[in-house]
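Architecture at a glance
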Amino acid sequence: MKSLKIGHVDIDTSHPPSWIPIEREMGHTVVGICDHGAVYDEGYVKKFAQEHEIPKVFENLEDMAEAVD
């Protein structure tokens, strides 16, 4: 199986924290997140990225699309 570079969009559900360990266990790399701020402020999103060892918080989907598979 090919290793993928994955990005998560919006962290206002239980999915990102649940899936990140699974994706890594499968050999994939979570390269970033993009959150539109509907639920959490920018500070929380940056803290989430740090806690989950996600290297990049993207400002928009276009930028994230260039970094993921």
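Structure's up top.
Quick summary incoming for the structure in this document. (Residues numbered from 1 in each chain as written. Predicted model: local features only at pLDDT ≥ 70, side-chain atom pairs only at ≥ 80, totals over all residues. Heavy atoms only, no water.)

1. Notes on the pairing of strand E1 (residues 5-9)
This is how the line gets drawn: For the exposure calls, accessible area comes from a 1.4 Å probe over protein chains only, and a residue counts as buried if that area is under 20% of its type's maximum, exposed if over 50%, partly exposed in between. Numbered from the N terminus, helices here are DSSP runs of H or I no shorter than four residues, and strands are runs of E no shorter than two. For two strands to be treated as a pair, DSSP must find no fewer than two bridges joining them. For crossovers, right-handed means that the path from the first strand over the helix to the second runs clockwise, given strands pointing away from the viewer.
Burial along E1 is one-sided: the face carrying Ile6 and His8 is buried and the face carrying Lys5, Gly7 and Val9 is not. As paired elements, E1 and strand E2 (residues 29-34) share 5 bridges and run parallel to each other. Residue pairing for E2: Ile6 is matched across the bridge by Val30. Read from E1 through helix H1 (residues 15-25) to E2, the crossover connection turns out right-handed.

2. Details of the sheet that holds E2
Here is the rule: The angle between two axes is taken between their N-to-C directions and runs from 0 to 180 degrees, where each axis is a line fitted to C-alpha atoms and a helix contributes only its stretch in contact.
Across the sheet, 3 strands lie side by side as E1-E2-E3; this open sheet has parallel pairing. Across the chains shown, the open sheet's two edge strands, defined by having one partner strand only, are E1 and strand E3 (56-58). Strand-to-strand twist across the sheet, computed as the mean angle between neighbouring axes with direction ignored, equals 30 degrees. Bridging between E2 and E3 involves 3 bridges; their strand directions are parallel.

3. So, the packing of aromatic side chains
Selection criterion: Stacked, tilted and edge-to-face are the three classes assigned to paired rings of Phe, Tyr and Trp, where Trp is represented by its six-membered ring and a pair needs centres within 6.5 Å; plane angles under 30 degrees give stacked, over 60 edge-to-face, the rest tilted.
According to the stated counting rule, one finds 2 aromatic pairs in the structure shown. A centroid spacing of 4.1 Å and a plane angle of 25 degrees characterise the contact between Tyr40 and Tyr44, whose relative ring orientation is stacked. Accessibility expressed as a relative area gives 29% for Tyr40, which makes it partly exposed. Where Tyr44 meets Phe48, the ring centres are 6.5 Å apart and the plane angle is 40 degrees; that geometry is what we call tilted. Placement of the pair is Tyr44 and Phe48 together in helix H2 (residues 42-51), with a separation of 4 residues, close to one helical turn. Residue class for Phe48 comes out buried when judged on its relative accessible area of 4%.

4. Some thoughts on the nonpolar core
The test is simple: Put simply, a nonpolar core is a bunch of buried Ala, Val, Leu, Ile, Met, Phe, Trp, Tyr and Cys residues held in one set by side-chain atoms that sit within 4.5 Å of each other. Between two residues, a contact is recorded if the distance between any of their heavy atoms is within 4.5 Å.
Residues Ile11, Ile20, Val30, Ile33, Val45, Phe48, Ala49 and Ile54 constitute the largest nonpolar core, which totals 8 residues. At the level of elements, E2 and H2 are the ones that each hand at least two residues to this core. It is H2 that contributes the most residues to this core, 3 residues altogether. When residues no more than four places from it in sequence are discounted, the contact partners of Ile33 are His8, Ile11, Val45, Phe48, Ala49, Ile54, Lys56, Val57, Phe58 and Met64.

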